[in-house]
Amino acid sequence: PTNLPWGLTLARRVPPFTDLAVYPGPTRFQPTPAYASLAALFSVGVYYLVDWKSNFPLPKTVCIAVIVYLTCIFFLDFLRVDVSSLTLGLSAVQVLAVLLSTGALVLCLKLPDNPDAG
């Protein structure tokens with residue numbers, strides 16, 4: 001739940017937010033899809049900034065943007081109310097984000113910094 005003016009009211013709620021005595025009808029929740037869209041725009045900005053400021057090859061620049069986006073998604077998932085814990089208190093989306101960002105990091109470290117390098 002949130003008191004922010006851009007919070008959303010939910011038509012279908014998940015437990016424990018179904019108790020209208022504790023969470024009355026006009027209770028607002030975080031608009032995580034909107035935040036994910038902002039994270040995607042932020043990642044595109046990071047992509048263009050890295051592309052502009054560095055001489056990294058395209059695959060390395062994309063890896064950096066993907067790592068940024070997946071990190072944002074990992075933390076945004078803590079705001080969601082409809083998730084169940086998969087392992088270590090993390091949701092399936094968070095576990096997937098950790099695995100994919102780790103893979104992207106390994107790939108990024110293996111790629112050459114110079115596009116002319118073999």
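All of the points below concern the structure found in this document. (Residues numbered from 1 in each chain as written. Predicted model: local features only at pLDDT ≥ 70, side-chain atom pairs only at ≥ 80, totals over all residues. Heavy atoms only, no water.)

### Structural notes on helix α2 (residues 58-76)
Here α2 is 19 residues long and its end C-alpha atoms lie 27 Å apart, about the 27 Å a rise of 1.5 Å per residue gives. Within the span of α2, buried status applies to K60, T61, C63, I64, A65, I67, L70, I73, F74 and L76. Contacts from the buried residues of α2 go to α1 (32-53) and α3 (92-110). (Helix = DSSP H or I, 4+ residues; strand = E, 2+ residues; numbered from the N terminus. Expected span 1.5 Å × (residues − 1). Buried < 20%, exposed > 50% of the residue type's maximum accessible area, 1.4 Å probe, protein only. Contact = heavy atoms within 4.5 Å.)

### Quick word on the pattern of salt bridges
In total, this model carries two salt bridges according to the counting rule given. One salt bridge in this structure joins K60 and D113, with 2.4 Å as the shortest N-O distance. With a gap of 53 residues between them, K60 in helix α2 and D113 in the segment after α3 connect regions that are remote in the sequence. Where R80 meets D77, a salt bridge forms, and the shortest distance between an N and an O atom there is 3.5 Å. Classification of R80 by relative accessible area gives partly exposed; the value is 32%. On the basis of relative accessible area, D77 is assigned to the buried category, the value being 4%. (Salt bridge = Lys/Arg side-chain N within 4 Å of Asp/Glu carboxyl O.)

### So, the packing of aromatic side chains
Summed over all chains, the structure comprises six aromatic pairs. Ring centres 5.1 Å apart and planes at 75° place the aromatic pair Y47 and Y48 in the edge-to-face group. With a relative accessible area of 53%, Y48 lands in the exposed category. Note on F75 and F78: the rings are 6.4 Å apart at their centroids and 40° apart in plane angle, and the pair reads as tilted. An aromatic cluster is built from F17, Y23 and F29, whose rings are joined through pairwise contacts. (Phe/Tyr/Trp six-rings, centres within 6.5 Å; stacked < 30°, edge-to-face > 60°.)

### A few points about the side chain of S101
Assignment of secondary structure puts S101 in helix α3. Taking the relative accessible area as the measure of exposure, S101 reaches 15% and is therefore buried. Reaching out from S101, the side chain makes a polar contact with the backbone oxygen of V98 at a distance of 3.2 Å. Apart from the residues within four sequence positions on either side, S101 is in contact with I67 and L70. (Polar contact = N/O pair within 3.5 Å; in protein donor to acceptor, adjacent residues only side chain to side chain.)

Just distances and angles here, no functional claims.
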